[in-house]
Each structure stands twice: as C-alpha cells, then as structure tokens.
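Listed below are the residues making up each chain.
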Amino acid sequence: MIFMCVTCMSSSLTNSSAMEFCDDLLVEILSRLPFKSLARFKCVSRSWRALISGGDLRRRLPLLAAGLFVGDGGGGEPRYATACSGDGVEFCDMSCFPLAETAARVVDACEGLLLYRSLAAASAMYVACPATRRWAALPVPRREAQLPLLAFAPADGGGGSPRYHVVCFVAWQERGATVDVFSSETGAWAERDAAFGGVEASSLSPTTHYRGGVLHVLAYPDRVVLMDLAATTTTTTSVAPCRLAPRLPDDVDAGARLGHSRGRLHYAKCDGERLRVWALDVDAASPGSCQWILTNTVRVNEMTINGGLWAASEVKFLAFHPDMADVVYVSSPEGKVASCDMRRKEMVSSWKLGAEHHVVRFWLLGFSSSLMSCLGGEQACQIAGAS
C-alpha cells in the first residue's frame, strides 16, 4: 500500500523530485527493519543496494545488534553471538566455516571478524566473518606465529572496502620485537622490527585497540604503544613505525581499556565498583600538545534502570559507543550486558547472557557495507581439503 501511494504521488512531481521523495520514504521504512532483512533487500536491485549501502541510511540506523564473543565459565571454546530482539542473545551457527568445530580454534576477534588457527598446523590461519558467512585462508607466515592479533576497523573503509591486518610477534627484544604483519590489501606478510619507544617488551599488556591503521597496545605501568600497521605494509623499510601516546592518567590494570568515540581516543578504568573514562584532548592551536581529560565517572551503586537501581554487585567495562561519548557498554557477574549513559548514570538497554557465560570480546555491529565487503572479491575463498 505504501509503495502504491508513492507511485500515485510521483505523477505530480518532476522525475528528480519524485526520485528524491521515494528515496527519503524508503530510507524511513528501511531504517525500521532488522539488520538481516536489510542484508537480504540489498539483493532486490542495484538501486536498492546503492540506497542501503549509502551513508544516509547507515547514519539513521541504530546499533541494534551487539556482537558478542563469549565463552562458558568452564573454560570451553568461545562462541560468537549477537543481541537479538527482546533482551537475549543468539549464538551464531559457524557451520559456514567447515573447520570451526574440529580443525581450528578461535584465537582472536575484532569488530565482527574472527581469527582462527589450525589445530593441526599452527602456521595455518583463517579469517571469518559470521555476518557475511565468508572466510579466507591466510598465506603461511615466514616464521612460526606467536601471539597472533587481528586488527580490523569497519569505520576505516571510507568509500571503499576496509582492510584487516594480522600481527604476529615472532621474536622479542629488550625494548622491541620482530613482527610479521599480514595485510589483506597486499595479500602478503611483511616482517619488520618494532622499537617500542623505550618501553620494555615485558611490560606490554594483552589489551589492544585498532583504529585508523594504528594498533594501540597498553603497556605497564602507564603507557600506550602505537604501531602504524598501514605504514608497515605499504613501505619497504625494515622498521615498523612506533610512537608513544601521552602518559596515561592512571596505571594500567586488568580493567583498563582503550577505544575511540566520536573520533577521539578514550581510556577507561574499572575496578568493579567505579568506572572512570578519560578522553585524549588535542589542542587545535598546538597539534603537538595533547592531554588526558577526565570526562565521566560513575559508581555501580549509582546506576539506575527503568527508574530503579541496577541490581549488579560490580561491572566489567566492555566497549565505548562509537558515536556517543557518554555511552559505554558493561557486563555484570550475573550474566547481563548493558549500555550505560554515564552522564545520566542510567542503563539504557540490557541483554541476558546467562551467568554460565562471560564476555571475552565485545564490539558493536552497525549495518555496514564495509563489513559486508571486507572478505569480498579475491579474499573470499573456500578451502577444500584443508587440515
């Protein structure tokens, strides 16, 4: 009925204005649909694909689905899940990746992509995207991979397809390391020496964050090492460019996290009972001058939901909202994941994960053509007979 009305009204409009009116109405309708339906409707026609992939629609779509990478409390194999309608989560069937159940294990995850490592041959690695049900095999690295990390940011794609990197530390030095970096853009590994700016290699923490081609690594007691992966794979130099961010306002611990929101780097500290967030403020008048500014602090016993206090003894920080600087995501020991408006001290939404599970990795899945195409083209493949 809606589309019949659009057809009738368009007869009194010029062709250009009619098209604009139809597109605006379609955007209004499509913005209210589930993500899975949007993905299917991209196949209707080229014009629908262009409309759905366009920035106008993506900017209007809320982050309806939260991507979760969870494991059970008994230490079993982590599984991939997404928030579904209501307040629950839906575990994803990874049968599209035939090696998932018996021949490979997930070793890292980043922004909707999973990194698998072969159980039979540690040098064999694969990248899979549950949203698109695509997967790709990586070339075998030159040396045995240690601590493989996956680096991917859909927002870095711009108008084209974003690229992902896989970083393997293959040898350690006192204040640096030799890294082997795979780039999906070149399809090859590049071995480089990385100097950590005076930071001892033994002080690096397992907490990382990737944005804008740069891998951010938290280091004890109060540093952030920035490794430029884009420069590492696009230059012929034997050195991986690294630099240090300004000293952190509070020491790194197990509850410390980095992330970007509204284009700014943020640092979060959570001791279970209190959550604090700082933003790296860059002085426009003096680009080389920047400092950490405390933007929000909230105690767990102050958080409310639906007009009452949130029944959680403590929280674990998970992620920053990419577009709303005051909104963060946390989990509780009771098996809940929630989005929190720190300025209002209010839980905006929550999902029941179950006390038998805990969050290993967390990211937000916006409807992104970048995510849909990151393993497209020549990077998508089926591997027959792989072990």
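Definitions and limits used
Residues numbered from 1 in each chain as written. Predicted model: local features only at pLDDT ≥ 70, side-chain atom pairs only at ≥ 80, totals over all residues. Heavy atoms only, no water. Helix = DSSP H or I, 4+ residues; strand = E, 2+ residues; numbered from the N terminus. Contact = heavy atoms within 4.5 Å. Core = buried A, V, L, I, M, F, W, Y, C linked by side-chain atoms within 4.5 Å. Buried < 20%, exposed > 50% of the residue type's maximum accessible area, 1.4 Å probe, protein only. Pairing = 2+ DSSP bridges. Axes fitted to C-alpha atoms, helices over the stretch in contact; angles between N-to-C directions. Patch = residues over 30% accessible without salt bridge, like charges linked within 9 Å, V, L, I, M, F, W, Y side chains within 5 Å. Areas by Shrake-Rupley, 256 points an atom, 1.4 Å probe, with all protein chains shown as cover. Salt bridge = Lys/Arg side-chain N within 4 Å of Asp/Glu carboxyl O. Lys, Arg positive; Asp, Glu negative; His and termini not counted. Charge placed at Lys NZ, Arg CZ, Asp CG, Glu CD.

**Q** With reference to specific residues and values, describe the environment of Val225.
**A** Position of Val225 among the secondary structure elements: in strand 14 (residues 223–228). Spatially, the C-alpha atoms of Val225 and Val214 are 9.7 Å apart, while their sequence positions differ by 11 residues. Sequence-distant contacts of Val225, defined by excluding residues within four places in its chain, comprise Phe196, Val199, Leu204, Leu215, His216, Val217, Ala219, Arg243 and Leu244.

**Q** Tell me about unusual backbone geometry, residues and numbers included.
**A** Backbone torsion omega between Tyr220 and Pro221 reads 0°, so that peptide bond is classified as cis. One can find Pro221 in the loop between strand 13 (214–219) and strand 14. If you check the backbone angles, Glu111 has positive phi at about 50° while not being a glycine. Tracing the chain through its elements places Glu111 in the loop between strand 4 (104–110) and strand 5 (113–118). In this structure, Lys345 is a non-glycine residue whose phi angle is positive, near 55°. Relative to the helices and strands, Lys345 is located in the loop between strand 25 (336–341) and strand 26 (346–352).

**Q** Explain the nonpolar core residue by residue, including any values.
**A** Core analysis: the largest hydrophobic core is formed by 21 residues, its most contacted members being Val167, Phe196, Leu215, Met227 and Leu229. Of all the secondary structure elements, the ones that give two or more residues to this core are strand 8 (149–152), strand 9 (164–173), strand 10 (176–183), strand 12 (204–211), strand 13 and strand 14. In this structure, Phe196 is in contact with Phe169, Trp172, Arg175, Gly176, Ala177, Ala201, Leu204, Val225, Met227, Cys242 and Leu244, ignoring residues within four places of it in sequence. Counting 19 residues, the second-largest nonpolar core is a separate cluster that includes Ile305, Val315, Val328 and Met342.

**Q** Just give me the short version of the sheet that holds strand 5, but keep the residues and values in it.
**A** If you walk across this open sheet you meet the four strands as 4-5-6-7, and the pairing is antiparallel. Each having just a single partner strand, strand 4 and strand 7 (134–137) make up the two edges of the open sheet. Going from strand to strand, the sheet's axes swing by 25° on average, the running direction of each strand aside. In the sheet, strand 6 (residues 125–129) pairs with strand 7 via four bridges, with the strands oriented antiparallel. Across the sheet, residue Cys129 finds its bridge partner in strand 7, namely Arg134.

**Q** Could you give an account of the pairing of strand 10, naming the residues involved and the relevant values?
**A** A large share of strand 10 lies buried, amounting to eight of its eight residues. Residue alternation in strand 10 divides its side chains into two sets, Gly176, Thr178, Asp180 and Phe182 and Ala177, Val179, Val181 and Ser183, and both sets are buried. Here strand 9 hands over to strand 10 after two residues, the two strands then running antiparallel side by side. Relative to strand 11 (residues 188–195), strand 10 is paired through eight bridges, and the arrangement is antiparallel. Bridging across to strand 11, Gly176 finds its partner in Ala195. Taking the residues between adjacent antiparallel strands as the criterion, strand 10 and strand 11 are bridged by four residues, where Gly187 takes a positive phi near 70°.

**Q** For the sheet that holds strand 16 (residues 242–244), give the residues involved together with the corresponding values.
**A** Strand order in the open sheet made by the four strands is 12-13-14-16, with antiparallel pairing throughout. Looking at which strands have only one partner, the edges of the open sheet turn out to be strand 12 and strand 16. Across the sheet, the axes of successive neighbouring strands diverge by a mean angle of 25°, strand direction being ignored. Sheet topology places strand 13 next to strand 14; six bridges connect them, and they run antiparallel.

**Q** Residues and numbers for a negative patch on the surface, please.
**A** A cluster of acidic side chains, namely Asp271, Glu273, Glu314 and Glu334, defines a negative patch on the protein surface. Relative to the helices and strands, Glu273 resides in the loop between strand 18 (264–270) and strand 19 (274–282).

Worth remembering: the numbers are spatial, not functional.
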